Structure formats: C-alpha cells, structure tokens
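# An overview of the molecular structure
Chain by chain, the residues run as shown.
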Amino acid sequence: MKNEPVFTETTQIGIVVRDLDATLRRYVDDYGIGPWEIHEFNAGNAEDLHEHGQPVERSWRLATTMVGRVQWELIEPLDDESDYARFLAEKGGGVHHIAVAPTNFDEALADIAEKGRNTVLSGTFGGTRVAYLPTKQDLGVIVEIFSRDPAPEQKPSE
C-alpha cells in the first residue's frame, strides 16, 4: 500500500551563510543570480517563535530571490544561540533546509507531535505559519512547511 505524499512541491532552498553581504555579491557578480530582497528579523518580528519546543528570541538577516520556480533564501545568524548559528559553527554554512508545500500543515505538525518530537523552529511570520520539521535523520535535511491559513485558535468564528 502506497502512502500519500506529505508534500507535493519544493518551494525554497534555505542556505546558512557567514556573511550575507559578501555572499550576495558572489551570487550577483559571479552567477548573475538576483535581484534579492533583504530582511532582518529580531525579537518581535515573529509571533510564537520556538526552537525545539522552547520559546526563544532570535535575530538573523536573510535575502531571497527566485531561481526558476524555487525561492533561494540566504540566512546570516545575528546571534550565537540559534539553530542557524549552531549549523554555521558545525558545518561552516550550506543548505540548512528545503521548504515544501505540505498537503496538510496541521496534520504534518500533529504527526511530528505524535512521534514525540518537537519542531526545529516554528512561528508565524507576517501571517504565515512556518515549521521546520525534525527530518534531518530521516531525509538528510530539515524540511520546512508553511501555511497561510490562520492558526486554528485564530480562525474567525462562524
């Protein structure tokens, strides 16, 4: 019996970098990739930000651009505590996560919780709920899922 896919489309590649400005110059000058949108996230930019199930305050800079139908995201951690900073310290940068369109955001989160595991990172950014699933052991990379639907407790009553 074949299982239904948990996700159906790759939407983003997330790459952790040491120096966002230098990396952007390399992408633009050497590879012609751009233009880039740059954002900075600090405590308060995200609602309900958690790492490994614990509430956290983190900061990072990121830049995004489209390469074909896939968004490339470059992330420079601005603290020493975040999952991004730990990844950079351990790996020296590289692909941190791949974002996918989940068939059902809430079911994917429930499945992780049912297995007794916490999301690597979760929060709401500009009305979009985001969660990094702990799939590194299983898939070799963290999978990010997202939902633009309001969180269940935020849905308007009928």
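Just above, that's the structure.
Let us look at the structure shown here. Per chain, residues are indexed from 1 in the order of the written sequence. Totals for whole chains, interfaces and linings use every residue, but because this is a predicted model, local features are given only for residues with pLDDT of at least 70 and side-chain atom pairs only at 80 or more, for both listing and counting. Side-chain measures here rest on the full set of heavy atoms in the structure, leaving out hydrogens and waters.

Working definition of a nonpolar core: buried Ala, Val, Leu, Ile, Met, Phe, Trp, Tyr and Cys residues. They are joined through side-chain atoms within 4.5 Å. Relative accessibility thresholds used throughout: buried, under 20% of the residue-type maximum; exposed, over 50%; partly exposed, between the two (1.4 Å probe, protein chains only). Within the largest apolar cluster, 19 residues are counted, with the highest numbers of intra-cluster contacts made by Leu 49, Trp 60, Tyr 84, Phe 125 and Tyr 132. Note on conventions: DSSP H or I runs of at least 4 residues are helices, E runs of at least 2 residues are strands, and numbering of each starts at the N terminus. If you list the elements that add at least two residues to this core, you get β3 (46-51), β5 (60-67), α2 (83-91), β8 (121-125), β9 (128-133) and β10 (142-147). The dominant element in this core, judged by the number of residues it contributes, is α2, at 3 residues. Setting aside chain neighbours within four positions, we find Phe 125 in contact with Phe 41, Ala 46, Leu 49, Trp 60 and Val 130. One finds Leu 20, Ile 33, Trp 36 and Ala 63 within the second-largest nonpolar core, a separate group that totals 9 residues. Contact criterion: two residues are considered in contact whenever any of their non-hydrogen atoms come within 4.5 Å of each other.

Here the focus is the packing of aromatic side chains. Pairing of aromatic rings covers Phe, Tyr and the six-membered ring of Trp, with a centre-to-centre limit of 6.5 Å; geometry is then stacked below 30 degrees between planes, edge-to-face above 60, and tilted otherwise. Under the definition given, this model contains 7 aromatic pairs. Measuring from ring centre to ring centre gives 5.6 Å for Phe 41 and Phe 125, while their planes differ by 90°; the resulting arrangement is edge-to-face. On the criterion of sequence distance, the pair formed by Phe 41 in strand β2 (residues 37-41) and Phe 125 in strand β8 is long-range, its members being 84 residues apart. For the pair formed by Phe 41 and Phe 125, the shared burial category is buried. Clustering of aromatic rings is evident, with ring pairs tying together Phe 41, Trp 60, Tyr 84, Phe 125 and Tyr 132.

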